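Overview (structure and organization)
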Amino acid sequence: AQKVTQAQTEISVVEKEDVTLDCVYETRDTTYYLFWYKQPPSGELVFLIRRNSFDEQNEISGRYSWNFQKSTSSFNFTITASQVVDSAVYFCALSGSGDYKLSFGAGTTVTVRA
Amino acid sequence: KAGVTQTPRYLIKTRGQQVTLSCSPISGHRSVSWYQQTPGQGLQFLFEYFSETQRNKGNFPGRFSGRQFSNSRSEMNVSTLELGDSALYLCASTNIRTAGLGTDTQYFGPGTRLTVL
């Protein structure tokens with residue numbers, strides 16, 4: 001069974017602060033895929049980033065960056081210089097190879113205050 | 001390219017009724033997945049269809065069913081509605097480029113908010 005844990009329920013920051021979201025996962029698959037999605041109040045899940053288990057290189061994409069550490073089963077996500085429009089619920093998700101079933105964490109609500 | 005569309009966006013039903021929700025994937029995407037989102041259980045996988053075949057199913061009762069048409073559009077049906085079926089139902093489409101391997105990214109629609117009274 002696959003499991004994703006997002007320990008942070010809510011995070012509140014002031015605009016321009018950095019926000020780091022924690023994600024810890026459990027899986028028996030040797031090949032798996034990790035995702036971060038954003039859900040604004042409108043309800044639609046918006047894809048942000050994806051990482052394959054066999055690629056531990058961490059990257060930066062605009063104001064987003066992520067830290068994938070296989071040794072600790074963590075896939076943390078950082079928003080740099082947060083903006084009010086970043087206010088949303090952020091979900092970490094996991095799927096196995098050839099498996100189009102996403103297992104989601106409970107989500108972290110991020111509130112960015114002006 | 002148009003995104004995933006879901007109809008209707010909002011629906012109110014009463015207990016015991018049945019409901020059908022529709023999802024049109026992104027053009028060219030042949031895999032469609034369905035998820036249920038509730039405050040108590042979070043986001044849960046319902047099922048996934050590819051080429052009109054259900055390939056994977058989540059842990060939901062048989063009242064939840066789905067199908068996919070030859071144009072990749074999908075519908076899900078919930079029969080004998082219960083109060084607990086009130087939820088946001090999300091559909092996602094995937095452009096499967098590596099059949100059997102994966103996984104490619106799932107892109108979600110705006111969802112159908114179902115309220116059961």
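Let me sum up the structure you'll find in this document. (Residues numbered from 1 in each chain as written. Chains lettered and ligands numbered in written order. Predicted model: local features only at pLDDT ≥ 70, side-chain atom pairs only at ≥ 80, totals over all residues. Heavy atoms only, no water.)

A word on the overall build of chain B. For chain B, the helix and strand inventory stands at zero helices and 11 strands. Its C-alpha atoms give chain B a radius of gyration of 14 Å, near enough to 13 Å, the size a compact globule of 117 residues would have. When the 117 residues of chain B are sorted by exposure, 51% land in the buried category. Sequence-distant contacts, at least 24 apart, represent 55% of the contacts inside chain B between residues at least 6 apart. Only carbon and sulfur atoms are counted for the fraction: they give 48% of the accessible area of chain B, which is about 5500 Å². Between the mean site of the 12 positive side-chain charges and the mean site of the 6 negative ones, chain B shows a separation of 4 Å. (Helix = DSSP H or I, 4+ residues; strand = E, 2+ residues; numbered from the N terminus. Rg over C-alpha atoms; globule rule 2.2 N^0.38 Å. Buried < 20%, exposed > 50% of the residue type's maximum accessible area, 1.4 Å probe, protein only. Contact = heavy atoms within 4.5 Å. Areas by Shrake-Rupley, 256 points an atom, 1.4 Å probe, with all protein chains shown as cover. Lys, Arg positive; Asp, Glu negative; His and termini not counted. Charge placed at Lys NZ, Arg CZ, Asp CG, Glu CD.)

We now examine the side chain of B:N77. Residue and element names in this part refer to chain B. Along the chain, the position of N77 falls in strand β8 (residues 74-78). At a separation of 3.3 Å, a polar atom in the side chain of N77 contacts the main-chain carbonyl oxygen of V19. Here the side chain of N77 touches T20 through a polar contact of 2.9 Å, side chain to side chain. Other than its neighbours up to four places away in sequence, N77 contacts Q18, V19, T20, R63, F64 and S65. (Polar contact = N/O pair within 3.5 Å; in protein donor to acceptor, adjacent residues only side chain to side chain.)

Time to look at the pairing of strand β5 (residues 32-39) of chain A. All names here are of chain A. Extensive coverage of β5 is indicated by the burial of eight of its eight residues. Burial along β5 is two-sided: Y32, L34, W36 and K38 and Y33, F35, Y37 and Q39, pointing in opposite directions, are all buried. The pairing of β5 with strand β10 (residues 88-96) spans eight bridges and is antiparallel. Bridged to Y32 within β10 is G96. Sheet topology note: the β5/strand β6 (residues 46-52) ladder contains six bridges and is antiparallel. Opposite Y37, over in β6, you have F47 as the bridge partner. Linkage of β5 to β6, two consecutive antiparallel strands, is achieved through a turn of six residues, within which G43 is found at a positive phi near 105 degrees. (Pairing = 2+ DSSP bridges.)

Right, let's get into the sheet that holds β8(B). The strands making up a sheet associate through backbone hydrogen bonding, with each pair oriented either parallel or antiparallel. Residues and elements named next belong to chain B. A sheet is described by the order of its strands in space; here four strands give the open sequence β1-β3-β8-β7, paired in antiparallel fashion. Where the open sheet ends on each side, the last strands, each with one partner, are β1 (5-7) and β7 (64-68). Geometrically, the sheet is characterised by an average inter-axis angle of 20 degrees between neighbouring strands, direction not taken into account. (Axes fitted to C-alpha atoms, helices over the stretch in contact; angles between N-to-C directions.)

This next bit is on the nonpolar core. All names here are of chain A. Among the nonpolar cores identified, the biggest contains 24 residues, and L21, W36, F75, F77 and Y90 are the most heavily contacted of them. Of all the secondary-structure elements, those providing two or more residues to this core are β2 (10-14), β3 (19-21), β5, β6, β8 (64-69), β9 (74-79), β10 and β12 (108-113). Ranked by residue count, the leading element in this core is β10, at four residues. Once you skip the residues sitting within four places of it in the chain, L21 turns out to touch Q8, I11, W36, N76, F77, Y90, T108 and V110. (Core = buried A, V, L, I, M, F, W, Y, C linked by side-chain atoms within 4.5 Å.)

Attention now goes to the state of the cysteines. Residue and element names in this part refer to chain A. Taken as a whole and assessed by the stated rule, the structure comprises two disulfides over all chains. Sulfur-sulfur distance for the disulfide between C23 and C92 comes to 2.0 Å. Looking along the S-S bond of the C23-C92 disulfide, the torsion reads about -65 degrees, which is the left-handed sense. Placement of C23 in the loop between β3 and β4 (24-26) and of C92 in strand β10 is noted, with a sequence separation of 69 residues between them. Here C23 matches C92 in class, with each residue buried. (Disulfide = S-S within 2.5 Å.)

Let's shift gears to the pattern of salt bridges. Within this structure, the stated rule accounts for six salt bridges over all chains. The salt bridge involving A:D86 is made with A:R63; its shortest N-O contact spans 2.8 Å. Taken together, the residues span a long stretch of sequence, with A:D86 in the loop between β9 and β10 and A:R63 in the loop between β7 (60-61) and β8 at a distance of 23 residues. Looking at A:R63, the relative accessible area reads 26%, which means it is partly exposed. Here B:R73 ties to B:E75 by a salt bridge, and the two come within 3.3 Å at their closest N and O atoms. Salt bridges linked by common partners bring B:R63, B:E82 and B:D85 together as one network. (Salt bridge = Lys/Arg side-chain N within 4 Å of Asp/Glu carboxyl O.)

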